[in-house]
Amino acid sequence: MRRDTNFHVAAADSTGRVGNRMVQPSRIEHCKVPQDEFGATLRLVLIDHVDGAVVSINEGQQTSCDIVGIGGVRGTKTASLGMAVHKCGRTTELPHGSVDGISATIQVDYSDGIGVRTLRDQVSITAATSSDAVFSDHGDSGSVIVDEQGFWWRCSSPAQGRTWPALRSTPYFRS
């Protein structure tokens, strides 16, 4: 079985390589090796419009395709301006927001030997201020974003509809 996530989640820094073992919770959350290992990186991509990775899931490892607090993903659709969305993130939990841009260009400082990269054609989301102060924050990276009916938007990269909270106020995603 395979799952996709962000490059900066799977690789963490410039030392990330295909074949590296993956752990959950993460290294910064005091994982226990080998008990917390669940798979390995299969593909890592960081180019001008993709921050993506594919990881394997160990045979016999328990997994679910449901999003905690939201349920199953019902399918895909194309992201559009004004689309109401939500996700489940480690830090922000279950925030709601709306798509306010579908072709943003941002600069992200990956530091740790990678430096600043420009990401193009990103989807931007603004938090629903009536209920959530921010849509995404550090620790939410890799969260799947769906619309209010449970549809994951269709993208042309392995980083489709995944959180990358480059800026606290407006997270960006590959369109």
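Just so it is clear, the structure is predicted and the values come from calculations on it, not from any experiment. (Residues numbered from 1 in each chain as written. Predicted model: local features only at pLDDT ≥ 70, side-chain atom pairs only at ≥ 80, totals over all residues. Heavy atoms only, no water.)

1. Focus: the overall build of the protein
Consideration 1: Secondary structure assignment for the protein yields 1 helix and 13 strands.
Consideration 2: Overall, the protein shows an N-to-C arrangement of helices and strands of β-α-β-β-β-β-β-β-β-β-β-β-β-β.
Consideration 3: In the protein, which comprises 175 residues, the proportion classed as buried is 46%.
Consideration 4: Per element, the accessible surface of the protein, about 9,100 Å² overall, is 49% carbon and sulfur. (Helix = DSSP H or I, 4+ residues; strand = E, 2+ residues; numbered from the N terminus. Buried < 20%, exposed > 50% of the residue type's maximum accessible area, 1.4 Å probe, protein only. Areas by Shrake-Rupley, 256 points an atom, 1.4 Å probe, with all protein chains shown as cover.)

2. Examining the environment of Ser56
Consideration 1: Tracing the backbone shows Ser56 in strand E4 (residues 50-56).
Consideration 2: Not counting chain neighbours up to four residues away, the residues in contact with Ser56 comprise Met1, Arg2, Phe38, Gly39, Ala40 and Leu42. (Contact = heavy atoms within 4.5 Å.)

3. Structural notes on the sheet that holds E4
Consideration 1: Spatial strand order, E1-E4-E3-E2: 4 strands in an open sheet with antiparallel pairing. A strand with exactly one partner marks an edge of an open sheet, and here the two such strands are strand E1 (2-5) and strand E2 (21-23). The sheet shows a mean angle of 40° between the axes of neighbouring strands, direction not considered.
Consideration 2: Pairing of E2 with strand E3 (residues 37-47) involves 3 bridges; the strand directions are antiparallel. (Pairing = 2+ DSSP bridges. Axes fitted to C-alpha atoms, helices over the stretch in contact; angles between N-to-C directions.)

4. Some remarks on the packing of aromatic side chains
Consideration 1: Counted under the stated rule, the structure contains 0 aromatic pairs.
Consideration 2: The ring of Phe135 has Lys87 sitting right over it, with the charged end atom 5.3 Å from the ring centre. (Phe/Tyr/Trp six-rings, centres within 6.5 Å; stacked < 30°, edge-to-face > 60°. Lys NZ or Arg CZ within 6 Å of the ring centre and 35° of its normal.)

5. Some thoughts on the pairing of E3
Put simply, side chains in a regular strand alternate between the two faces of the sheet.
Consideration 1: The pairing of E3 with E4 spans 6 bridges and is antiparallel. From the neighbouring strand, Ile47 faces E4, where its bridge partner is Val50.

6. Regarding the confidence of the model for the protein
Consideration 1: Scored by pLDDT, the protein comes out at a mean of 79, with 84% of its residues at no less than 70.
Consideration 2: Low confidence marks residues 154-160, where pLDDT is under 50. Its contacts with residues over four positions away, or in another chain, come to 23 contacts. (pLDDT = per-residue confidence, 0-100.)

7. A closer look at the side chain of Thr92
Consideration 1: Its place among the elements puts Thr92 in the loop between strand E8 (84-87) and strand E9 (96-109).
Consideration 2: In this structure the side chain of Thr92 is engaged in a polar contact, spanning 3.5 Å, whose partner is the backbone oxygen of Phe135. (Polar contact = N/O pair within 3.5 Å; in protein donor to acceptor, adjacent residues only side chain to side chain.)

8. What to know about the environment of Gly89
Consideration 1: Considering the arrangement of structural elements, one finds Gly89 in the loop between E8 and E9.
Consideration 2: For Gly89, a relative accessible area of 6% corresponds to the buried category.
Consideration 3: Filtering out sequence-adjacent residues up to four positions away, Gly89 remains in contact with Asp140 and Ser143.

9. Some details on the pairing of E4
Consideration 1: Across the 7 residues that make up E4, a large majority, 7, are buried.
Consideration 2: Residues Val50, Gly52, Val54 and Ser56 line one face of E4 and the alternating positions Asp51, Ala53 and Val55 line the opposite face, and both faces are buried.
Consideration 3: Examined bridge by bridge, E1 and E4 share 4 bridges and lie antiparallel to one another. Within E4, the residue paired with Asp4 across the bridge is Val54.
Consideration 4: Linkage of E3 to E4, two consecutive antiparallel strands, is achieved through a turn of 2 residues.

10. Things to note about unusual backbone geometry
Most peptide bonds take the trans form, and the phi angle of most residues other than glycine is negative.
Consideration 1: Residues other than glycine seldom take positive phi values, yet Glu93 does so here, at roughly 65°.
Consideration 2: Within the fold, Glu93 resides in the loop between E8 and E9.
Consideration 3: Note on Glu93: relative accessible area 54%, which makes it exposed.
Consideration 4: Here the phi dihedral of Asp121 falls at roughly 55°; this positive angle occurs in a residue that is not glycine.
Consideration 5: As for its position among the elements, Asp121 is in strand E10 (residues 116-127).

11. Digging into the pattern of salt bridges
Consideration 1: If you walk through the whole model with that rule in mind, you get 3 salt bridges.
Consideration 2: Arg21 serves as the salt-bridge partner of Glu37, at 3.1 Å between the closest nitrogen and oxygen. Residue Glu37 is located in strand E3, and its partner Arg21 is located in strand E2; the two are separated by 16 residues in the primary sequence.
Consideration 3: Relative accessible area serves as the criterion here: at 21%, Glu37 is assigned to the partly exposed category. (Salt bridge = Lys/Arg side-chain N within 4 Å of Asp/Glu carboxyl O.)

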